[in-house]
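Summary of structural features
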Amino acid sequence: MHKIKRCLLLFLFLSTSGCSIFHATLVKENNKLGRFEDAINQLAKQINKKGIEKLKICIGQNTYKDTEMSSEFSEFISAELSRAIVKYDIFKEISRKELDQILKEQKLSLSGLIDPSESVEAGKIKSVDAILTGTYWEEGKGVRINLSLIKVATAEKLGVVSFVLSEKEVPESIALVPNNYNIYLTLFKVWNENKGTAKDLKIKVWVDKGRGGIYKNGENVTIYFVADKDCYLKLYHTNVEGDMQILYPNFYSRNDHVQANQIYTIPNENMSFDFRVIPPFGAEVINAVVSNKPFPPESFSKSEEQVFIPLGKATENNIRSMISRGIAIVPVDMRANDICIFTTVEKLRQ
């Protein structure tokens, strides 16, 4: 009886005070929720306080620490968030597949929609109001997950939430990082030591699913890059097994000169190949290096059977040797770098 009276009094208060009963239904008792639903519940409260009644959101990348690297655990996070979002009327989830298609058609990067320095791109996206993105890492025996809800139009953070999954709540069969994580660490270490410092030159590289994107077996990957000035470029790729190659210039595009603010695509309509995901699966790295002066010329195959220039395994000594031969001839203050990581898996979680 007492519970009925309290509910009736709450209804009368909301009705007479002008508050929205619709909003009141969004907020639930936290102690009755799972970790992910509780996180969405907290975000709903934060949005509620801003006077927002409806928000079209898309789940973006969930990456490990500061690496922009995704994994099967990233997919687990996305799946759990999606299941929680549908329980809240304030949110309408736009599928990532739909957003990926828009980004590919317009050659946009997901990071460009939520980066304050690149938010100008957001004007081209009308179907999504905000992106829900996250990072995660080990904390004790559990996993810490930080989520940010970022407005597409302005890159403003509309809400943030952080929580820890206990050891029992983390699926044993799902790894936090890809199997070839150590290869990435070696690449990152050496490339970071040789990173360009040019202040008047910028390069941006991404894939059609965005930096940190996840591709399943059989899907095709499209790579984009753009420089802010006329310059010279080398595009390096390291696959899951640590095999390195130069993607650009290549057999079809032998000139390493690129024009300012022109988005280049690999493969493009003049290239008779696809980048199709096949086993083994894991993280793959693309490193773009640009310079104000030409790099040493490359020797290309006379046959289409070898489109790209092979560089051997991504060992620390081999990477240093490659940089010394092909890049270091250009002073560090005359070149710039950018790295894009994407992950391949056997199948995506539903």
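Data block above holds the structure.
Residues numbered from 1 in each chain as written. Predicted model: local features only at pLDDT ≥ 70, side-chain atom pairs only at ≥ 80, totals over all residues. Heavy atoms only, no water.

1. Description of helix H8 (residues 316-326)
- Those residues of H8 that sit buried are Ile319, Met322, Ile323 and Gly326. Taken down its axis, H8 places every buried residue within 95 degrees of arc, on the same side. Away from its buried face by more than 90 degrees, H8 exposes Asn317 and Arg325.
- Buried residues along H8 sit in contact with helix H7 (181-193), strand E10 (231-238), strand E11 (243-248) and strand E16 (309-313). (Buried < 20%, exposed > 50% of the residue type's maximum accessible area, 1.4 Å probe, protein only. Helix = DSSP H or I, 4+ residues; strand = E, 2+ residues; numbered from the N terminus. Arc of directions from axis to C-beta. Contact = heavy atoms within 4.5 Å.)

2. Considerations on the nonpolar core
- Ranked by size, the top nonpolar core spans 57 residues in total, and within it Phe73, Phe91, Ile145 and Leu149 carry the most contacts.
- With sequence-adjacent residues up to four places away left out, Leu149 is seen in contact with Leu43, Ile47, Leu55, Ile57, Phe91, Ala130, Ile131, Leu132, Glu156, Lys157, Leu158 and Gly159.
- Formed by 31 residues, the second largest nonpolar core is a distinct cluster that contains Val205, Phe251, Val307 and Phe308. (Core = buried A, V, L, I, M, F, W, Y, C linked by side-chain atoms within 4.5 Å.)

3. A word on empty space enclosed by the protein
- Under the counting rule described, the total for this entry stands at one cavity of 30 Å³ or more.
- Roughly 40 Å³ of internal volume is contained in the largest cavity.
- In terms of lining, the largest cavity is formed by Asn180, Ile183, Tyr184, Leu187, Thr238, Asn239, Ala283, Glu284 and Val285.
- For the lining of the largest cavity, the secondary structure elements donating two or more residues are H7 and strand E15 (283-291).
- Per-class residue counts for the lining of the largest cavity are five nonpolar, three polar and one charged. (1 Å grid on protein atoms, 1.4 Å probe; cavity = no way out; pocket = protein on both sides within 12 Å on 5 of 7 lines; lining within 4 Å. Points joined across faces, edges and corners; volume = space filled by probe spheres on them. Nonpolar A, V, L, I, M, F, W, Y, C, P; charged D, E, K, R; others polar.)

4. A few points about the layout of surface pockets
- Roughly 940 Å³ of volume is contained in the second largest pocket.
- Along the walls of the second largest pocket sit 29 residues, with Arg96, Lys97, Asp100, Lys209 and Leu348 positioned nearest its centre.
- For the lining of the second largest pocket, the secondary structure elements donating two or more residues are strand E1 (55-64), helix H4 (72-85), helix H5 (96-106) and strand E7 (214-216).
- The greatest single-element share of the lining of the second largest pocket, amounting to six residues, is contributed by H4.
- Residues belonging to the lining of the second largest pocket are distributed by class as follows: five nonpolar, 11 polar and 13 charged.

5. Concerning the sheet that holds strand E9 (residues 223-227)
- With antiparallel pairing, the three strands of this open sheet are ordered in space as E6-E9-E13. Of all the strands in the sheet, the pair left with one neighbour each is strand E6 (203-207) and strand E13 (264-266). Across the sheet, the mean angle from the axis of one strand to that of its neighbour is 20 degrees, orientation sign disregarded.
- Both E6 and E9 contribute to a ladder of five bridges, which runs antiparallel. Residue Val207 lies in a different strand from E9, and its bridge partner there is Ile223. (Pairing = 2+ DSSP bridges. Axes fitted to C-alpha atoms, helices over the stretch in contact; angles between N-to-C directions.)

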